[in-house]
Amino acid sequence: MTVDPSALNAARRAADLAALADGEPVDAIVIGGGITGAGIALDAASRGLRVALVEKHDLAFGTSRWSSKLVHGGLRYLATGNVGIARRSAIERGILMSRNAPHLVHAMPQLVPLLPSMSRGSRALVRAGFLAGDVLRALAGTPSSVLPRSRRVSARRVVSMVPAVRRDGLDGGLLAYDGQLIDDARLVTAVARTAAQHGARILTYVAASEATGTSVRLTDRRTGESFDVSARAVINASGVWAGEIDSSLRLRPSRGTHLVFDAAAFGNPTAALTIPIPGELNRFVFAMPEQLGRVYLGLTDEAAPGPIPDVPEPSQREVAFLLDTVNTALGTALGAGDVIGAYAGLRPLIDTGGAGFEGRTADVSREHAVVEAPSGVISVIGGKLTEYRYMAEDVVDHAVSLRGLRAGKCRTRNLPLIGASANPGPGGGSGAGLPASLVARYGAEAANVVAAATGERPTEPVADGIDVTGAEFEYAVTHECALDVSDIVDRRTRIGLVPRDRERVVAVARAYLER
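The rules behind the values
Residues numbered from 1 in each chain as written. Predicted model: local features only at pLDDT ≥ 70, side-chain atom pairs only at ≥ 80, totals over all residues. Heavy atoms only, no water. Helix = DSSP H or I, 4+ residues; strand = E, 2+ residues; numbered from the N terminus. Rg over C-alpha atoms; globule rule 2.2 N^0.38 Å. Buried < 20%, exposed > 50% of the residue type's maximum accessible area, 1.4 Å probe, protein only. Contact = heavy atoms within 4.5 Å. Areas by Shrake-Rupley, 256 points an atom, 1.4 Å probe, with all protein chains shown as cover. Salt bridge = Lys/Arg side-chain N within 4 Å of Asp/Glu carboxyl O. Phe/Tyr/Trp six-rings, centres within 6.5 Å; stacked < 30°, edge-to-face > 60°. Core = buried A, V, L, I, M, F, W, Y, C linked by side-chain atoms within 4.5 Å. Pairing = 2+ DSSP bridges. Axes fitted to C-alpha atoms, helices over the stretch in contact; angles between N-to-C directions.

1. Notes on the overall build of the protein chain
Next up, step 1: Within the protein chain, the secondary structure is distributed over 15 helices and 21 strands.
Next up, step 2: In terms of C-alpha radius of gyration, the protein chain reaches 22 Å, essentially the compact-globule figure of 24 Å for 515 residues.
Next up, step 3: Classification of the 515 residues of the protein chain by burial places 58% in the buried group.
Next up, step 4: Put simply, 71% of the contacts in the protein chain that link residues at least 6 apart link residues at least 24 apart.
Next up, step 5: A total accessible area of about 19800 Å² is found for the protein chain, and carbon and sulfur atoms account for 52% of it.

Written as structure tokens, this is what we have:
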């Protein structure tokens, strides 16, 4: 049987922990299993460095699973004069869509309905912004075959794409395209497993403490056992929790909230209904069609001072804001009773010390920074999901320079993630005849998911009306290091975003863990 070097599971975790405890040499310890930490692990491992990533919870436990599932092209930042981050975002979006993960990131139509409430000036501003987005796409080298050009469409087309749209006075719409992830947590898992392919040790439920520039204390949260590990570089990529590793860091978290609806509430749309927020420059509320027959409505940008919770909660104010805003563009108003789930995430914004928590977090830069603490720990703070690869390259470059590490040049610009057609994993085959939803989540690896299953009916849904298969639950355990029910239900799949669906599959997930 061919061994899959990307497979993460309890047995591999135990072996990797034992190797570290026995003093195996390590070039870099990465603290944090979100998209940034996973990206750093992949960048470093693919350069030939000996890497271990530790995460106190599960992969994508924090901010990385609470995003809008968008790979933004940077249009918003161009509107605020930040040309650098806008250009980088467009470039990184193109890299993801064309090279790294074309199986996970696809073009998402964004539709702005032209309703009577929208002034001529606002229409002109949105149109100009969409045209600027076309220029950004072209400058980034992303072909229109990957991301189509923006254009104006008829009222009939608007209704066909978003049937729930308000029709009184509808004067067509403005249509543009951006990148959309099938799922943000799935991207993190794919990056982490690709890092494992290149030799990285990926260790979930391992907490880091007492970090210095060359050592860290690790505690296995499943057994309580602790030991010290030496490394030539210790990298803190723990996002909004970065201050727990380096108390000198100053972060200013902001909360972004989304509501979850059954797609039928929006007429099963094929485009993201995009509503400009009155009085804001290039800020929108999006109602985005997603996997599992859902629509996610977001996004807020609220200051979130105080202690950092493991799982942030939406506020009633944010829920009301999202509903009020989207209802301006709907024929039939939605209410709290239509909301079947909700989630909130915290952005790890850099506190520049300017306006404190009195200023708007929407105005705080999304730039990242790489800083070295007096202890020698190298931290990366700030940034955004779209630029995770660029951020990782920057961090590893700093670590190589600061610590004199012997490493090759960055390879990730052209490195396909597991599941891309150029990286299907051992025994990759055609997805023909498999459920479309499974192929959408696993790409070229979909055949492996089914082939690795041991059940009699691996492609059957785990529950009626939920298009996640038993094979995917099993693969989460055998290949994606799912160690408990929440790992399977809340992160490897996103069934848990709807509490009533979660309840239906918990016992099924537990059964796969107990095999």
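2. Describing the pattern of salt bridges
Next up, step 1: All chains considered together, the criterion is met by 37 salt bridges.
Next up, step 2: The residue Arg 491 makes a salt bridge to Asp 58 at a minimum N-O spacing of 2.6 Å. Here Asp 58 lies in the loop between β2 (51-55) and β3 (70-71) and Arg 491 lies in helix α14 (residues 485-492), a separation of 433 residues in the sequence.
Next up, step 3: The buried category is assigned to Arg 491, whose relative accessible area is 3%.
Next up, step 4: A salt bridge links Arg 88 to Glu 387, with the nearest nitrogen and oxygen atoms 3.4 Å apart. Residue Arg 88 is located in helix α4 (residues 83-100), and its partner Glu 387 is located in the loop between β19 (378-382) and α10 (388-403); the two are separated by 299 residues in the primary sequence.
Next up, step 5: Look at Glu 387 and you get buried, because its relative accessible area is 1%.
Next up, step 6: Shared partners join several salt bridges into a network, and the residues in it are Arg 12, Asp 16, Glu 24 and Arg 201.

3. Details of the packing of aromatic side chains
Aromatic ring pairs: the centre-centre distance and the angle between the two ring planes describe each pair.
Next up, step 1: According to the stated counting rule, one finds 6 aromatic pairs in the structure shown.
Next up, step 2: Between Phe 261 and Phe 266 the ring centres are 5.4 Å apart and the planes differ by 85°, which places this aromatic pair in the edge-to-face class.
Next up, step 3: Here Phe 261 falls in the buried class, since its relative accessible area comes to 0%.
Next up, step 4: In this structure Phe 266 comes out as buried when scored by relative accessible area, which is 1%.
Next up, step 5: Each ring, one from Phe 473 and one from Tyr 512, has its centre 6.2 Å from the other, and the planes form 80°; the classification is edge-to-face. Of this pair, Phe 473 sits in helix α13 (residues 470-479) while Tyr 512 sits in helix α15 (residues 499-513), and the two are 39 residues apart along the sequence.
Next up, step 6: Looking at Phe 473, the relative accessible area reads 0%, which means it is buried.
Next up, step 7: According to the relative accessible area criterion, Tyr 512 is buried, its value standing at 15%.
Next up, step 8: A network of ring pairs unites the aromatic residues Trp 66, Tyr 296 and Tyr 343 as a single cluster.

4. Brief notes about the nonpolar core
Next up, step 1: In this structure, Ile 40, Leu 187, Ile 202, Phe 266 and Leu 273 are the most contacted members of the largest nonpolar core, which totals 86 residues.
Next up, step 2: A per-element tally of this core places helix α7 (residues 184-197) first, with 8 residues.
Next up, step 3: Discounting chain neighbours no more than four positions away, the residues touching Leu 187 are Ile 35, Leu 96, Ala 101, Leu 104, Leu 181, Leu 385, Tyr 388 and Leu 417.

5. Some details on the sheet that holds strand β11 (residues 233-236)
Next up, step 1: Here 6 strands make up an open sheet; going across it, the order is β7-β2-β1-β11-β19-β18 and the pairing mixed. Looking along the sheet, the strands with just one partner apiece sit at the ends: β7 (201-204) and β18 (368-372). Sheet twist, expressed as the average angle between the axes of neighbouring strands with direction ignored, equals 20°.
Next up, step 2: Bridge analysis of strand β1 (residues 28-31) against β11 gives 4 bridges, and the strand direction is parallel.

6. Brief notes about α14
Next up, step 1: Among the 8 residues of α14, 7 are classified as buried, and the element is accordingly described as predominantly covered.
Next up, step 2: Among all positions in α14, only Val 485, Asp 487, Ile 488, Val 489, Asp 490, Arg 491 and Arg 492 are buried.
Next up, step 3: Where the residues of α14 are buried, they touch α7, α13 and α15.

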